[in-house]
Amino acid sequence: MVIDCRHPASLARFWAAALDGYAVAPYDEEELARLRANGIDDPEDDPTVLVEGGPPRLFFQLVPERKIVKNRLHLDLRADDLDAEIVRLTGLGATVLATYDDWVVLADPEGNEFCVF
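Note that the coordinates shown come from a computational prediction; the quantities given were computed from them, not determined experimentally.

Colleague: Explain the sheet that holds strand β1 (residues 2–5) to me, please; I cannot follow it from the model alone.
Modeller: Each strand in a sheet pairs with another by means of backbone hydrogen bonds, the pair being arranged parallel or else antiparallel. If you walk across this open sheet you meet the four strands as β1-β4-β3-β2, and the pairing is mixed. Either end of the sheet is taken by a strand with one partner, and the two such strands are β1 and β2 (23–24). Two elements, strand β3 (residues 48–52) and strand β4 (residues 58–62), share four bridges in a ladder whose sense is antiparallel. Among the inter-strand pairings, V49 is bridged to a residue of β4, identified as F60. Strands in contact with helix α1 (residues 8–18) are β1, β2, β3 and β4; relative to β4, the strand with the most contacts, it is inclined by about 155°.

Structure follows, in structure tokens:
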């Protein structure tokens, strides 16, 4: 899955922390050399950051424009304790957009909507 964003490294860190068992893919020397060959000296400026941990793998891709309209695709997450999960996710930088009886709609730090059930 590819997610367009303004700052791939920080959004990748958010989702790696939000999803159980996921992590930002490590940078080995070969990958760092590839970045340097493209004029990128710091992985924080990497225009494509991979988060892995199971299917799906998430690629965060730099795009110049900000998110303007509602997502056409979003992730749904399940939680054993909805209230505790909302506290955890907002602590990571998510924003609550709407609350319903059995789920909550949130936005990640760049405004991409997702639901927690």
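Colleague: Sorry, what's going on with a nonpolar patch on the surface here?
Modeller: Judged by side-chain polarity, Y100, W103 and F117 come together as a nonpolar surface patch covering roughly 290 Å² of accessible area. With respect to the helices and strands, the residue Y100 is situated in the loop between β6 (95–99) and β7 (104–107).

Colleague: Would you take a moment to explain the pairing of β6 for this structure?
Modeller: Remember that side chains alternate between the two faces of the sheet whenever the strand is regular. Two elements, β6 and β7, share four bridges in a ladder whose sense is antiparallel. Bridge pairing links V96 to L106 in β7. Here β6 folds back onto β7 in antiparallel fashion, the turn holding four residues.

About the cut-offs
- Residues numbered from 1 in each chain as written.
- Predicted model: local features only at pLDDT ≥ 70, side-chain atom pairs only at ≥ 80, totals over all residues.
- Heavy atoms only, no water.
- Pairing = 2+ DSSP bridges.
- Helix = DSSP H or I, 4+ residues; strand = E, 2+ residues; numbered from the N terminus.
- Contact = heavy atoms within 4.5 Å.
- Axes fitted to C-alpha atoms, helices over the stretch in contact; angles between N-to-C directions.
- Patch = residues over 30% accessible without salt bridge, like charges linked within 9 Å, V, L, I, M, F, W, Y side chains within 5 Å.
- Areas by Shrake-Rupley, 256 points an atom, 1.4 Å probe, with all protein chains shown as cover.
- Salt bridge = Lys/Arg side-chain N within 4 Å of Asp/Glu carboxyl O.

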